Amino acid sequence: MAKAVKPECLNLGYQISWEVYGRNESRLARALPNTTLEYKITGLSSLTTYTIEVAAVTAKGSGWVTSSTISSGVPPELPGAPSNLVISNISPRSATLQFRPGYDGKTSISKWIVEGQVGVLGDEEEWVSLHEVENEPDAQMLEVPNLTPYTHYRFRMRQVNVVGPSPLSQPSRVIQTLQAPPDVAPGSVTVRTASETSLWLRWVPLPDTQYNGNPESVGYRIKFWRVDLPSLSLTKVINDRLEREYTIEDLEEWTEYELQIQAFNAIGAGPWSEVVRGRTRESVPSAPPENVSAEAVSSTQILLTWTAVPESDQNGLILGYKILFKARDLDSEPKSQMVRGNHTQSCLLSGLRKYVLYEIQILAFTRIGDGVPSSPAIIERTKDDTPGPPVRLVFPEVRLTSVRIVWQPPEEPNGIILGYQIAYRLASSSPNKFTTVEVGSTVRQFTATDLTPESAYIFRTSAKTRQGWGEPLEATVITTEKRERPAPPRQLMIPQSDVSSRSLLLKWVPGSDGSSPIRYFTVQVRELPNGDWQTYSSSISHEATSCIIESLNPFTSYKLRVKATNDIGDSDFSAETEAVTTLQDVVYEWLACCTFLHIYALGFSRIPIQVAKATVPGEPPSSVLVTPHTTSSVLVQWQPPKTESLNGLLLGYRIYYRELDYDTGSGKESKTIQNPSALRAELTPQSSFKTVNSSSALTTYELTQLKKYKRYEVLMTAYNVIGESPTSTPVEVFVGEAAPALAPQNIQVNSLSASQLELTWDPPPADSQNGNIQGYKAILLFLLVAFILLGIAIYYWESDTQNDTEKVKVLFLPETTVRLKNLTSHTQYMVCISAFNAAGDGPRSSPSQGRTHQAAPSAPSFLAFSEITCTTLNVSWGEPTAANGVLQGYRVVYEPLAPVQGVSKVVTVDIKGNWQRWLKVRDLTKGMTYLFRVQARTIAYGPELQANVTAGPAEGSPGSPQEILVTKSASGVTLQWTEGDSGEKPTTGYIIEARPSDEGLWDMFVKDIPRSATSYTVGLDKLKQGVTYEFRVVAVNEFGYGEPSIPSVAVSAQTETPFYEEWWFLLVMALSSVILILLVVFALVLHGQSKKYKNCSTGKTISNVEESVTLDNGGFTALELNSRHLNIKNTFSKKNGTRSPPRPSPGGLHYSDEDICNKYNGAVLTEGLGLNEKPLEVSESEWEQKENTRLDTVAKALPWSLCSEETYEPSVIPPAVSQQQHFRGGADAQSLSGYISIELPLDIDMSFEAIQPPCINVSGATDSDYEDELPKHSFVNHYMSDPTYYNSWKRQQKGVKHPASYRYEECAASETEPYFQTVITTQSSGGVYTPTGQPAPGSRTPVTGFSSFV
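Residues numbered from 1 in each chain as written. Predicted model: local features only at pLDDT ≥ 70, side-chain atom pairs only at ≥ 80, totals over all residues. Heavy atoms only, no water.

In terms of regular secondary structure, the protein chain is built from seven helices and 79 strands. By the burial criterion, 46% of the 1350 residues in the protein chain qualify as buried. (Helix = DSSP H or I, 4+ residues; strand = E, 2+ residues; numbered from the N terminus. Buried < 20%, exposed > 50% of the residue type's maximum accessible area, 1.4 Å probe, protein only.)

This part covers the nonpolar core. With 22 residues, the main nonpolar core has Trp306, Ile323, Leu349, Tyr358 and Ile360 as its most contacted residues. Mapped by element, the contributors of at least two residues to this core are strand E21 (290–296), strand E22 (302–307), strand E23 (320–327), strand E25 (346–349) and strand E26 (357–365). With residues up to four places along the chain from it excluded, the contact list for Leu349 reads Thr300, Gln301, Ile302, Leu304, Ile323, Phe325, Gln337 and Ile360. Membership of the second largest hydrophobic core comes to 21 residues, among which are Val966, Ala994, Tyr1029 and Phe1031. (Core = buried A, V, L, I, M, F, W, Y, C linked by side-chain atoms within 4.5 Å. Contact = heavy atoms within 4.5 Å.)

A few words on a nonpolar patch on the surface. A surface patch of nonpolar side chains, amounting to about 730 Å² of accessible area, comprises Phe1059, Tyr1060, Trp1063, Trp1064, Leu1067, Val1068 and Leu1071. With respect to the helices and strands, Trp1064 occurs in helix H2 (residues 1063–1093). (Patch = residues over 30% accessible without salt bridge, like charges linked within 9 Å, V, L, I, M, F, W, Y side chains within 5 Å. Areas by Shrake-Rupley, 256 points an atom, 1.4 Å probe, with all protein chains shown as cover. Salt bridge = Lys/Arg side-chain N within 4 Å of Asp/Glu carboxyl O.)

Let us now look at the pattern of salt bridges. The full count for this structure, using the stated rule, is 46 salt bridges. The partner of Glu282 in a salt bridge is Arg367, and the shortest N-O contact between them spans 2.6 Å. Here Arg367 lies in the loop between E26 and strand E27 (378–381) and Glu282 lies in the loop between strand E20 (276–279) and E21, a separation of 85 residues in the sequence. Note that Arg891 is salt-bridged to Asp910, the shortest N-O span being 2.8 Å. Of this pair, Arg891 sits in strand E65 (residues 889–896) while Asp910 is found in strand E66 (residues 907–912), placing the two residues 19 residues apart along the sequence. Salt bridges sharing partners connect three or more residues here, namely Glu867, Lys920, Arg922, Asp998, Glu999, Asp1003, Lys1007 and Lys1024.

Another aspect to go through is the packing of aromatic side chains. Taken as a whole and assessed by the stated rule, the structure comprises 18 aromatic pairs. Aromatic side chains Tyr1029 and Phe1031 sit 6.0 Å apart centroid to centroid with 15° between the ring planes, which places their arrangement in the stacked category. Counting every residue linked through ring pairs, the aromatic cluster contains Phe395, Tyr424 and Phe459. Over the ring of Phe734 we find Arg192, and its NZ or CZ is 4.5 Å from the ring centre. Geometry around Phe365 places Lys322 over its ring, the cationic atom sitting 5.6 Å from the centre. (Phe/Tyr/Trp six-rings, centres within 6.5 Å; stacked < 30°, edge-to-face > 60°. Lys NZ or Arg CZ within 6 Å of the ring centre and 35° of its normal.)

What follows deals with the sheet that holds strand E64 (residues 873–877). In a beta sheet, neighbouring strands pair by backbone hydrogen bonds and run either parallel or antiparallel. What the three strands build is an open sheet, ordered E63-E64-E67; its pairing is antiparallel. The outermost strands of the open sheet, each flanked by one partner alone, are strand E63 (863–866) and strand E67 (918–921). Neighbour-to-neighbour, the strand axes of this sheet turn through a mean angle of 20°, independent of strand direction. (Pairing = 2+ DSSP bridges. Axes fitted to C-alpha atoms, helices over the stretch in contact; angles between N-to-C directions.)

Here the protein chain averages 76 in pLDDT, and 72% of its residues register 70 or above. For the protein chain, the element scoring lowest by mean pLDDT is strand E43 (residues 596–600), at 31; strand E8 (residues 95–100) scores highest, at 96. (pLDDT = per-residue confidence, 0-100.)

This part takes up the pairing of strand E6 (residues 61–71). Taken together, the nine bridges between strand E5 (residues 49–58) and E6 define a ladder with antiparallel strand orientation. Within E6, the position partnered with Val57 by the bridge is Ser62. The turn linking E5 back onto E6 is made up of two residues.

Here Ser375 and Pro376 are connected by a cis peptide whose omega angle stands at -5°. Among the structural elements, Pro376 can be located in the loop between E26 and E27. The phi torsion at Asp250 lies on the positive side, around 60°, for a residue other than glycine. Take Asp250: it is sitting in the loop between strand E18 (245–248) and strand E19 (256–264). Of note, the phi angle at Ser623 is positive, near 55°, even though the residue is not glycine. Relative to the elements of secondary structure, Ser623 occurs in strand E45 (residues 622–630).

In this section: the pairing of strand E71 (residues 972–978). Remark: a regular strand shows side chains that alternate across the two faces of the sheet. Among the seven residues that make up E71, five are buried, leaving the element largely enclosed by the rest of the structure. With five bridges connecting them, strand E70 (residues 962–968) and E71 associate as antiparallel partners. Its bridge partner being in E71, Gln962 is matched across the sheet by Thr978. Hairpin remark: E70 followed by E71, antiparallel, with three residues in the connecting loop.

Let us look at the sheet that holds strand E51 (residues 731–735). Taken together, the four strands give an open sheet; going across it, the order is E48-E47-E50-E51, and neighbouring strands pair in antiparallel fashion. Strands at the two margins of the open sheet, each flanked by one partner only, are strand E48 (690–695) and E51. Direction aside, the axes of adjacent strands within the sheet are offset by 30° on average. With eight bridges joining them, strand E47 (residues 652–659) and strand E50 (residues 710–719) adopt antiparallel strand pairing. Within the sheet, the bridge partner assigned to Tyr656 lies in E50 and is Leu715.

Moving on, we come to the side chain of Ser283. Looking at the secondary structure, you find Ser283 in the loop between E20 and E21. By relative accessible area, Ser283 is classed as buried at 4%. If sequence neighbours within four positions are ignored, Ser283 has contacts with Glu196, Glu253, Gln314, Asn315, Thr366 and Ile368.

So, in structure tokens, the structure goes:
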């Protein structure tokens, strides 16, 4: 079945053909309509390979052919994966991929698919499809096109047949394509005016995928030229590939430029960007007007003429000209006169001083400020005129008939003084009758004679120039010889109503003139508290009685004084005024318009006194900054003027702004002009500005409702009640672009892997974006990183700390998602996102957190070995530089580099936790080199850090110490040795190694023993009790640890305590004390019982006796007596009075089968236990007969009763005690309470010389209990628990009659001690005593002494 894929273009049908593979003559073809997409081929030969081809047919003919090879009758299968991928012919944009095709699946391969990892390579990086090839079934080599230059790639392949795709091949090796010039130019190029001589160019940097070369070689080249001079282009080179803006300096003012930018790398440069155009900002003229000339037209006027500033130096629109002039040697600061407009090029200076040299300069100004004044200054003198009056007219010598007059030249000569005229007359004569005398220009005094004594004369003095005589100076003098200095002025007064912030009015009353007219007054001022007296004026008219004192400081205290001067001299200074304080700097508004104020003294002529003009704030607001706020508003920020320049109470600010006619952009931040501007009124008509008022408390103001995409000029003033300050420097701003007002929304941070986080977000609301998004940046700090993502700036950093190391990456992602790669594993990141446009960055979003997954750690930071001996060493390592997660532990693997005794042993040690980063190795082989490998583990083991080390002894190290001797004391073990060979360097010390018996490995036990030591004591408390130790000594020098000594003898660590502290000694003493007490008690009991037996009836028997025995001291287990007849010898050895029978020896005991089978005191036994001593040399029957005879003899000799044959039944085992408890010591304290047993050793000949009382109290212990140490266990139980001993006891023969046993008989109860029970023997007909309630006779009772030992 052949299938065809319908082509996208309109076709007329399909052409299908098939033939036997390799046989063209067998070819068959069919034409199919365009609606048929599959066709069934019939009539094929079985097991034959056919080639099938399908092609679409249009009006132009057949198109591309798709072919496939298939074997008929053989079902196709999935193909196998290609293999052996080899890459060759690597170029910047392609590579050749050679491979070995996989299994074809019994059909031809229809497609080859090449996938690749691009850029960042790793197991986590995704694979993308790079290239597909069809219709080449036999291909073994493919060219992969459309690769990116200078980019890492790794390829893999799969092949496809009609069944489907094959598995993927193994990845190829990593390659890097070659470098190539950049393919694109930087985007979004914009230019804004930066200043009068600079333009600010901005662009979006190339993303790293478009560098096409080594990032370190990538940069940008800017080309720019004047529009009117396109052939003179200049270039600037920026070597920082991450730069996105540049300010081009040193341009011409008010000049239009065109600019382009291109990217370059080490191979070459990319294409140029589109041309952008910008104009530098207006500036002040850089040259003065030309052809400046001046001509005096009168004594007070000069005419100036000039030509315009050269156009290239105008730097903007010329708004007018300023003439700067000052009188040479008279004026310190020049005055100015303004000529508005660019068309007037002349000016008449008026109001000048007569016959004075003037320095004159002229400059042009724009709205930005003043240009350069003309240089050098033009010198011109006004024309001459009649002079002013001479000055300081005095009469130093006055006689009765003569007067000498002295004067000074006029202060305003108004020309060249040609001479002086002196005229005088009697004051009482006619006003027109003067005596006139003319003198030369150099004469300064004249003596008038023939005057009338004691008469008043009026003198007049005048000067003469070429223009004539000037105004005279008049004075009166009296011809007398009675003159003296004047009296000082008095009644100085300062009316408070005449005190202002910077001036005050001083009034006084003149004193006596001393018969000589006062010529002038002098006023002095002192500032409090520590100022000196300063002369305010020394030429106050003689007619004045008051004076306005100006140029004072506001809110400052002063004192004043006055003196008068006549022809004789100066008077004393008047008394000081009271302290007076000027007001704060508030000036009446009416004073602002005054230039001169005429003050009329009472009775005197008018004297003009110049006062300062009312003061406005001296400085404008500073640091004025204007930034776009929205697309139709800007934010104005400033700093207030200095306090000392306010000159009063600051009422507020005025902001002037206007739209500029040209569009030259300046960017998001305004640029200020270095040159101070002229006054607002001088820049442009006030009507062209809009004005807003701001409170004095504010430092920010938003100008709203501005036009979009327009440039505005903003300037400011401060004002008080008097007026406004000078204007601030104009600031330009471009309106229409503003930073986004809001941050991106709904930020999500998802962890993808150990090195990747995925960020998703929503863009800022449309109404808050404030313009077109221009580009995106990524600023990656080592800990603070920002990604530029198509208008979105992403900042993220490790939450712990931050660092200033910076990286920048540029990405172009139109989607609102991005993957942050190459992050640190298992690290908490804080992520903030901000949008930005050409105006700047918007606000950041609130931080969002994300943590990358854990990964395998890096290798340990170091691997070190220490304390290397012949068999041990310490290995330590450092924490991994990059943990990449929570460290779970470490793995240490070590192995010898060569087999040890034919065996290569690899040891692996896993260490949990991160706190232990060391390991003690104790199983090394002397002189063998080992390979150590250490790796850390988080969720997986990281790479290994490995190193080799050789076990000691090190070359040059000391030899082994000699004569090792170990001595043990009660407190420790002392090792002694002698020094051996010191090696190539002197011995520096010793160590001691120990090998405990419970471990068997040598380990360092003591180190840092001084070299001078030849012995060392180890405390027993440092050794493990019950363990033996071997020791050896190792010498140390600079080369390391030397050969160890031979091991010492093994020493036990058991502590040897004094015998009186041993447990056995303490136990013996305790038992001895108990026995001693029991002996005393027993003696007392025997003494008491002897009286009771005297009253007993002879032969009296008790048929039923309830036997109970109280345990004395509660500490002895019940003993049992066997019911055998005892063969007692006729003699007893008496020792210390009455002696109990000795205990039988276990070696002579025998258990009979009958005894084992019978019941014991009512408890059924598996076997009756009869105990007999059997000699080895006697047969069983003989020994039994002999034993029975002996026991009978002993029984008959016992005086327990007067009867010849009495039953001896001493067993007091309680019925409640079971067989197992009795024989195995299982009875507890309660079941045995009240009973006592007697033990008779069988290995002692049981002979009694005398039996003291007829009744024996058996509730206490016998002498043998005190003489012999009680065994810790019952030997009956011992033998019963060991089956090997059963056969050593002969069973009793059935039918043998035993002698009657004896029983105990109790004495009268009235004489019984209250705390003891006495048991006597009685004889029963049955031969065996059985307690009440027990089975019938027939059971065997054990012989006395065969019970459990205490």
